[in-house]
Amino acid sequence: MKWNAGLYQDKHGYVAEYGKELLEYVADDKTQIILDLGCGTGELTNELAQKATVVGIDGSESMIRKAEERYPQIEFHVMDACSLKWRDYFNVIFSNAVFHWIRDQQSLLKSIYHALKTEGKLICEFGADGNISKIQKSFHDATRKYGYGFTSPFYFPTTHEYKQVLEQAGFNIELIIDYDRPTALKDGKFGLRNWLKQFFAMDLSNFTMDQQIDTFETIEGHLYSDLWDGKQWVADYRRIRVIASK
């Protein structure tokens, strides 16, 4: 996934805004060292820095450059979450809206487990089973006429499934829940297509500009009765929230 950091920050600020709820699970303790895994442009990393020493990582160079510009006092790295360089180092590994991008959950959780201190905590939230199901189905249907076989790039587990994955990785589960979180998209009638341009960018790169516009219009027509509230598009988000310890 190639991220457009400017578009992300401008149009998708709700990602960090909703992530602030997850901050409530992180104790204020200046002796802690926290990793913000998948830090994006650094908004939540900066919030975490008010609580403890924090390091931010992201796989996107564009995101990290933007984060460094905005918060030069914080340590940031471009890094693969499945290959963390630290061992027994962090008290908390925090992650918001990232895990659903990573198919190899075994490697991810093994990497996190090794980077945590004993009794260290994983605090994360990401897409749950059924997340954006209407949007994905509509995208599949709208692009099929061009002969495109859409395959979801996301990992959206049930709580039962993810509980097993965590336990197999050695974690003790303190909390695991899922819930509906309808999410309003910015920019009124353009909100849904802005969302598609960011999160389905790789798929859309297979189409001409005219085909992309036709796809947006088709999807908007399909979803109008379900996701348009009269003023804005409201994406059919579902989340899974996890607190687990080593």
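As the structure is a prediction and not an experimental result, all values here were calculated from the model. (Residues numbered from 1 in each chain as written. Predicted model: local features only at pLDDT ≥ 70, side-chain atom pairs only at ≥ 80, totals over all residues. Heavy atoms only, no water.)

Draft legend 1. Local environment of the confidence of the model for the protein chain. Counting all residues, the mean pLDDT for the protein chain is 93, and 92% of those residues have values of 70 or more. Residue range residues 7-13 is modelled with pLDDT below 50. Its contacts to residues more than four positions away, or to other chains, number 21 contacts. (pLDDT = per-residue confidence, 0-100. Contact = heavy atoms within 4.5 Å.)

Draft legend 2. How the structure looks around the nonpolar core. Ranked by internal contacts, the top residues of the largest apolar core, which has 31 residues, are L37, L84, I93, F99, I112 and Y162. Elements represented by at least two residues in this core include exactly β1 (33-37), β2 (53-58), β4 (90-96), α5 (105-115), β5 (116-127), α7 (159-168) and β9 (238-245). Ignoring any residue separated from it by four or fewer positions in sequence, one finds Y162 in contact with F99, Q105, L109, F126, Y155, P157, I176, I240 and V242. With 24 residues, the next largest nonpolar core counts A142, F150, L223 and Y237 among its residues. (Core = buried A, V, L, I, M, F, W, Y, C linked by side-chain atoms within 4.5 Å. Buried < 20%, exposed > 50% of the residue type's maximum accessible area, 1.4 Å probe, protein only. Helix = DSSP H or I, 4+ residues; strand = E, 2+ residues; numbered from the N terminus.)

Draft legend 3. Expanded view of the sheet that holds β5. Sheet architecture is open: 7 strands sit in the order β3-β2-β1-β4-β5-β9-β6, paired in mixed fashion. With one partner strand each, in any of the chains shown, β3 (75-78) and β6 (172-180) form the two edges of the open sheet. Each strand axis lies, on average, 15 degrees off the axis of its neighbour in the sheet, ignoring direction. The sheet contact formed by β4 and β5 spans 6 bridges and is parallel. By the bridge assignment, S95 is partnered in β5 with C124. (Pairing = 2+ DSSP bridges. Axes fitted to C-alpha atoms, helices over the stretch in contact; angles between N-to-C directions.)

Draft legend 4. Spatial organisation of α5. Every buried residue of α5 is listed here: Q105, L108, L109, S111, I112 and A115. Buried residues of α5, seen end-on, are gathered within an arc of 155 degrees and therefore sit on one face of the element. The elements touched by buried residues of α5 are β1, β4, β5 and α7. (Arc of directions from axis to C-beta.)

Draft legend 5. Region of the structure containing the packing of helix α8 (residues 191-199) against helix α10 (residues 209-227). In contact at an axis separation of 10 Å, α8 and α10 are set at 125 degrees when each is read in the N-to-C sense. Of the possible angle classes, the one that applies to α8 and α10 is oblique. Taken as a pair, α8 and α10 cross one another with a handedness that is right-handed. Facing α8, whose interface residues are L192, R193, L196 and K197, α10 presents F216, E217, I219, E220 and L223. (Parallel < 35°, antiparallel > 145°, perpendicular 65-115°, else oblique. Left-handed = near helix turned anticlockwise from the far one by under 90°.)

Draft legend 6. Spatial organisation of the packing of α5 against α7. Where α5 contacts α7, the two axes come as close as 9 Å, and the packing angle between them is 50 degrees. As summarised for this structure, α5 and α7 are arranged oblique, according to the angle between their axes. Note that α5 runs across α7; the crossing there is right-handed. Of α7, the residues touching α5 (which contributes Q105, Q106 and L109) are Y162, V165 and L166. Classifying every residue of the contact of α5 with α7 by side-chain character gives 4 nonpolar, 2 polar and no charged. (Nonpolar A, V, L, I, M, F, W, Y, C, P; charged D, E, K, R; others polar.)

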